[in-house]
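# Survey of secondary and tertiary structure
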Amino acid sequence: MTKLLRLAGLAVVLVVSLLFAVFVGDQGPWYFAWVIGTVMIILISGAGAIMLDAQSSLSADGDI
Amino acid sequence: MEFINPDVVDLSRFQFALTALYHFMFVPLTLGLTFMLAAMETVYVVTGRQIYKDMTQFWGKLFGINFAIGVATGITMEFEFGTNWSMYSHFFGDMFGTPLAIEGLMAFFMESTFVGLMFFGWDRLSKQAHLAVTYLVALGSNLSALWILIANAGMNMPEGAHFDPETMRMQFESFVDLVFNPDAQAKFVHTSVAGYVSAAMFVMGISAFYLLRGQHRQFAARSFRMAALFGIISTVAVITLGDVLGRLDYEKQPTKIAAIEGLWHTSNPPFEPWIVAALPDDARQENHYEIGVPLVLTPLITHTFDQPITGMHELEDEAGPRIRSGIDAVAALRRYGVTHSSTDLAQFTAHEQDMGYGLLATRHAPGQDVTAIPADQIDDVVKATQPDILPNVFVTFWSFRLMVFLSLWFFALFAISAYLSLKRRLERSRLLLKLCMWSIPLPILATEFGWITAEAGRQPWTVFGWLPTFLSASSHGVSYMVFSLVGFVLLYSVFIAAELYLMFKFARLGPDHDSMEPHTPAAPRVSAFDMRPMAS
């Protein structure tokens, strides 16, 4: 039941996101770009940190 | 009777510029650090590694200092519109007040509520709930900026409003037009992302300080890596949106773009050079010591190779008929206020779009009354008013260039920093680390130059094309303005001193606990009151 509710919640988020993309993408392209761009910046900077963790675990030279 | 006191207008402008620039020393960090905290906490929730929680908490503490002082300096500005700019508030209050009210009720309440949960909710909320709170703080602070910039965009490109001759003010027409104003969109993203750049430089610079001292190395390396990547993408976005704003100015505010480019005569596409440096002379209306790069200006501004950019002399010429028509509009409006006749209304409507230009002639009219200009003096008044349509070219030209040069510096610094961080060669590049550290205040400075470009370039208008700045101020005395100005300078200087003291103090102290550093037990403290024999 919990999984079903979680799936339904994610489906609602997906639909809202699509509606947001269609409406705001048309009326306010730069607002839409800000949302997408901010998410991208967060994900890339976070991925960079995780990559550093991986680099540190693979190498024992202690370089930063 | 003359009712415009130029000293009061200048002091009102100076006071607002000073308080706005003070306030904006704090805003970019708030806008950017919140999303950087969200990024760090996201990694903490995904990986479960303690170091990312330490990072979120440490940078969050510095964010908290900045946030508190930023809020304090922002509140006074909202009151200034009423106290110092009452004519403007009457004329444009509908349009300006609505987004400001939404900002207070929605965005500011949102960020203020959740910021408490963010600081004090670590032990009370689940990891996921706390992460959601951090995102809501980030969203709230940026939504706050959004509504302010929507209000500002309304002043630069008034859309969604019309002038009502019954109430003698701009009336709100369309909320959608107000919110989706192209200037609001581009300016919001440009400003918000400039905040990301400021925050990234702040985190990167302090991390560089730790790396130079060999302190908190793992903590600093991760903070540096995240900031460098955050910063490089943000800088590209800032430059892109700056280009969008330039294009909008070309279409809607030709005087601003001509002043930014120091373009006194209409450009000669495609060869017109982009002036890298010059000394614009506002009095003689020419540039001295120009250094330019040919073939750059036309594609840079128009995105074509064949469209000309109108120069300031030609814009002055084009303004002549509009000033004349505007004088007719003001005269018809004055008559309509008395007669309410359809003939006067029709005459006003025919010249309505030029009303602002008629008001601009007020300073040169006998007794500051454009309806009292004798027919044989109209040409002289129009001629005297024409140069008034231009902003201060020297200030606009150089503030823009300093902003651009700084943004190119950020691009280079973030790109090299990200590369060396990814290659894990940071600690071997001590010069780069020092440059990162000394560059901490530069993005804040660049945003200040950006605001000076935008606001000085909008002159002589508070509402572009509709309301001249010199007609927008309240009718205070000079002594009142000087007294309040001195008060603001003293108070805000204390705020800045407090911010700098606390920032330096906590940045030097570093994170409370560093989960990645080897633990060295502290030496046992020996109290002067401890009477037990040490040897036992």
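Residues numbered from 1 in each chain as written. Chains lettered and ligands numbered in written order. Predicted model: local features only at pLDDT ≥ 70, side-chain atom pairs only at ≥ 80, totals over all residues.

## A look at the pairing of strand S2 (residues 169-172) of chain B
All names here are of chain B. Of the strand pairs in this sheet, strand S1 (residues 161-164) and S2 are connected by four bridges, and their pairing is antiparallel. Bridging across to S2, Phe163 finds its partner in Met170. Here S1 hands over to S2 after four residues, with Met168 in that stretch at a positive phi of 60 degrees. (Pairing = 2+ DSSP bridges. Helix = DSSP H or I, 4+ residues; strand = E, 2+ residues; numbered from the N terminus.)

## Comments concerning the confidence of the model for chain B
Residues and elements named next belong to chain B. On average, residues of chain B score 90 in pLDDT, and 95% of them reach the 70 mark or higher. Across residues 519-536, confidence stays below pLDDT 50; counting only partners more than four residues off in sequence or on other chains, it has zero contacts. Here the predicted complex carries an ipTM of 0.88, next to a pTM of 0.91. (pLDDT = per-residue confidence, 0-100. Contact = placed C-beta atoms within 7 Å.)

## Quick word on the interface of chain A and chain B
Between chain A and chain B, the contact holds 20 residues from the first and 26 residues from the second. Top element by residues in the side of chain A that touches chain B is helix H2 (residues 29-58) of chain A. It accounts for 16 residues. For the side of chain A that touches chain B, the class distribution of residues is 11 nonpolar, eight polar and one charged. (Nonpolar A, V, L, I, M, F, W, Y, C, P; charged D, E, K, R; others polar.)

## Re the pairing of strand S4 (residues 286-293) of chain B
Residue and element names in this part refer to chain B. Of all the eight residues making up S4, zero are buried; the element is thus mostly uncovered. Pairing of strand S3 (residues 274-281) with S4, which is carried by six bridges, proceeds in the antiparallel orientation. Its bridge partner lying in S4, Leu279 is registered against His288. Between the end of S3 and the start of S4, which pair antiparallel, lie four residues, with Gln285 showing a positive phi angle near 55 degrees. (Buried ≥ 20, exposed ≤ 12 C-beta atoms within 10 Å, placed from the backbone.)

## Quick word on the nonpolar core
Nonpolar side chains in soluble globular proteins tend to be buried together. One finds B:Met36, B:Met40, B:Trp59, B:Ala200 and B:Phe230 to be the most contacted residues of the largest nonpolar core, which totals 160 residues. Those residues in contact with B:Phe230, other than ones at most four positions away along the chain, are A:Ile41, A:Ser45, B:Met36, B:Ala39, B:Tyr196 and B:Ala200. (Core = buried A, V, L, I, M, F, W, Y, C linked by C-beta atoms within 7 Å.)

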